[in-house]
Amino acid sequence: MHNQRSRSVGSMALKLDMSKAYDRVEWGFLKQVMIRMGFCDKWISLIMECISTVSYSLLINGEPTGHIIPTRGIRQGDPISPYLFLLCAEGLNGLLQKATSQGDIHGVSLCRQGPKITNLFFADDSLLFCRATIPECQKIQDILRLYEQASGQQLNRAKTTLFFSRNTPATMQEDLKDILGVPNIKQYEKYLGLPSLVGKEKIICFSQIKERVWSKIKGWKEKLLSQAGREILIKAVVQAIPTYTMNCFKLPVKLCQDIEGIIRRFWWGQKSDQRKIHWIKWDKLCQPKGTGGLGFKELQKFNIALLAKQFWRLMHVRNSLLFKVFSAKFFPNGNILEASERTSGSFAWRSILKAKDLVLLDAIAKIPLSDRAPPDRLIWHATRDGNYTVRSGYHMLLQNSRNSNPDCSRQGEHDPLWKTIRASRVPAKVKTFLWKACHESLPTKAGLFRRRVIPHPYCDHCHGAIEDTLHALWSCPVLAQVWQSSSEFAALLKNSHHSYNGLVRQVMSLASHLLIETFAMTCWLLWNTRNKSRLQLPSEEYRNIWSRAQILLHEHISVSQTVTIVNPCHTHVKWKPPIHHLYKVNFDGAFSKETNEGGIGVVIRDQAGLPIATLSQKLPATHSIEMTEALAARRAILFTKEVGLTNAVFEGDAENIIRDLGSSETLHSAYGLVIEDAKSMLLDFQAYSVSHTRRSGNMVAHALARRANQCQNVLVWMEDVPPDISNVLLHDLSSL
């Protein structure tokens, strides 16, 4: 609408503001809407009971006074209230749709072929669109008046605003303003918290995100928070602030860098009037915890991963309003991959296109492994179900960044050291301390000297060695009395260690009960004592540190005992014969990661449990156990048809394959086409069913799949099984 100039009739948008929207909802109107929409009587009575049994009291001088029983309205803050208001707004939507179908109002479209949009509703935020003509304006006025009378809503005309397209004459704008009695504006600043128009000054347009981040961090007292506490606040609050905007827009690089700079300074405890040393690179902090990082988000990569979700939706969710509007304008053939990047469009559209490279980075064309010759599809290889997720996309970007940097070739590998530190039963601040120590990021004298903060790197206690992390926490002679309190650590003192990281790995290898926890707590106390003595503050004596560490550790464990949930043991399942007139077809797949090969096993049995036919087949290059199981299901159905049976029960132990066979949804996983082939073959059966069993009830098929690696191609036995698995069949027969 902002750029509309050529059409003969202008357009207008009306942003509604309802006065006390939730408080004015009439209960009778809401009930009638639910009845008209087809909700069952029990549901309606439950909802009406929830909203009509409310009472209020007034606090006067701290004492509740009075008992007010309302007769209308829904409660603010109630989780169900927005949904109930949507039902109320459905009345307005029905009136608008009726007027549209009768030709009384016409919506606004992005292009000539695009759908006409008459209204956008989100809870109590409403936008109406129509032509800027007097008849349509009067029709909108009549609809709003009728809606107000029926629902109890009241339009706040002082806050309701009008927006006109550029080709609307000024005289017409004045006439429409007089009819509606509301002011007009040049542009909407925001809608649902997002900017309506994004111009050239993008940093200024999105500057409120940086301001919100800064206002949050400014209100927190760094001295009252450990670095572990700051980590939680950064992840749960600060990095969540820009997420909503990044779902729709590509934020400027400079803005992302500024926000990351604020986060870094807060993490290292830096204030406005003093600087702090950032001991570890931001890239390292953003790595996953399993590879030695802290899992902070790189905002630029996370932004692309979020936008790729919108790109993926435009590829697959074709019934959404988003797809209908964007496809008509930017990719009329319905394939977003063929959309031209040169096409002029809104900043939101250009932002979504930025994610195209990520989607194509891991998405692969699904080769149709069937005679039906279905068209190729794009699947997301990084997830099991083939659907894109923001998490997998973000990690794909991180992995790609590491692969392009030869210095980081091994940084993406998971290290058991970091998993052990995270799993240790010590306070979070001690875990963070141990993590920093393993990264040599404690402010030791060697590190400070390297950064030219102090004149020499030598230890203040022994005066003879350079004070690095290993010396400060382990090898300094004054610490010998502490570590010799334990026989395990006394033995380690006799060995030489090249780094503190290597020492921690040595402690891990001892695998003694609570040894790594005791080590971490003791090191933390030693570091605090060393710093206090350097600042000439009262500190713990070294001879008491060992016992103090034991006390603190057991106190922490006693107050942080977690309830261990024991998974119930699955009962042993026996093979059960099929019901009368049916045959049971058991199938299974086996996969070897070492050889990347799979095997299929199928056995068909009658009501007595006797074999009708068995099959064992080797599969080259199946790449995953899911694909192997899907191929086993399809081969079992085909094998049953080849034998000449049309009444069968198909049973396997792969729960996801059985679930997919019974689902009517289109599968985007790598094995989706195989499942669809299997479903199409099932239609040829007179009677069939698909069921899941446990491994113990599928042992014959499992044994056939395991022995398939001995086959060259396919082996079939009629009314028999291979001699080497006859004992498995006899075991099933004996349990009948």
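Relevant structure appears above.
Residues numbered from 1 in each chain as written. Predicted model: local features only at pLDDT ≥ 70, side-chain atom pairs only at ≥ 80, totals over all residues. Heavy atoms only, no water.

(A) Molecular detail of the pairing of strand S12 (residues 597–605). Most of S12 sits inside the fold, with eight of its nine residues counted as buried. Relative to S12, strand S11 (residues 583–592) is paired through nine bridges, and the arrangement is antiparallel. Bridging from a neighbouring strand, Asp588 pairs with Gly601 of S12. A loop of four residues connects S11 with S12, the two strands running antiparallel in sequence, and Asn596 in this loop sits at a positive phi of about 60 degrees. Taken together, the nine bridges between S12 and strand S13 (residues 611–620) define a ladder with antiparallel strand orientation. Note that in S13 the partner of Ile600 across the bridge is Gln617. Joining the antiparallel neighbours S12 and S13 is a turn of five residues, in which Gly609 adopts a positive phi near 90 degrees. (Buried < 20%, exposed > 50% of the residue type's maximum accessible area, 1.4 Å probe, protein only. Helix = DSSP H or I, 4+ residues; strand = E, 2+ residues; numbered from the N terminus. Pairing = 2+ DSSP bridges.)

(B) Representation of the sheet that holds strand S5 (residues 125–131) within the structure. Ordered in space as S4-S5-S1-S6, the four strands form an open sheet in which the pairing is antiparallel. The outermost strands of the open sheet, each flanked by one partner alone, are strand S4 (119–122) and strand S6 (161–164). On average, each strand axis in the sheet is tilted by 15 degrees relative to the strand beside it, whichever way the strands run. Relative to S5, strand S1 (residues 11–16) runs antiparallel, the two sharing six bridges. Paired with Lys15 across the two strands is Leu127, which belongs to S5. Packing against the sheet, helix H4 (residues 134–151) makes contact with S1 and S5, and its axis sits at approximately 150 degrees to S5. Strand contacts of helix H5 (residues 170–180): S1 and S6, with the helix running at about 160 degrees to S6, the strand carrying the most contacts. (Axes fitted to C-alpha atoms, helices over the stretch in contact; angles between N-to-C directions. Contact = heavy atoms within 4.5 Å.)

(C) Molecular detail of the sheet that holds strand S15 (residues 687–692). Strand order in this open sheet of six strands is S15-S14-S11-S12-S13-S16, and the pairing throughout is mixed. Of all the strands in the sheet, the pair left with one neighbour each is S15 and strand S16 (714–718). Adjacent strand axes in the sheet meet at a mean angle of 15 degrees when their direction is disregarded.

(D) The pattern of salt bridges, seen in detail. Taken as a whole and judged by the stated rule, the model has 26 salt bridges. Note that Arg543 and Glu541 form a salt bridge whose closest N and O atoms lie 2.5 Å from each other. Residue Arg543 is classed as exposed on the basis of its relative accessible area of 60%. For Asp684, the salt bridge goes to Lys641, with nearest N and O atoms at 2.8 Å. Placement of Asp684 in the loop between helix H28 (672–682) and S15 and of Lys641 in helix H26 (residues 625–643) is noted, with a sequence separation of 43 residues between them. Because the salt bridges share partners, they merge into one network encompassing Lys445, Asp460, Glu467, Arg530 and Arg534. (Salt bridge = Lys/Arg side-chain N within 4 Å of Asp/Glu carboxyl O.)

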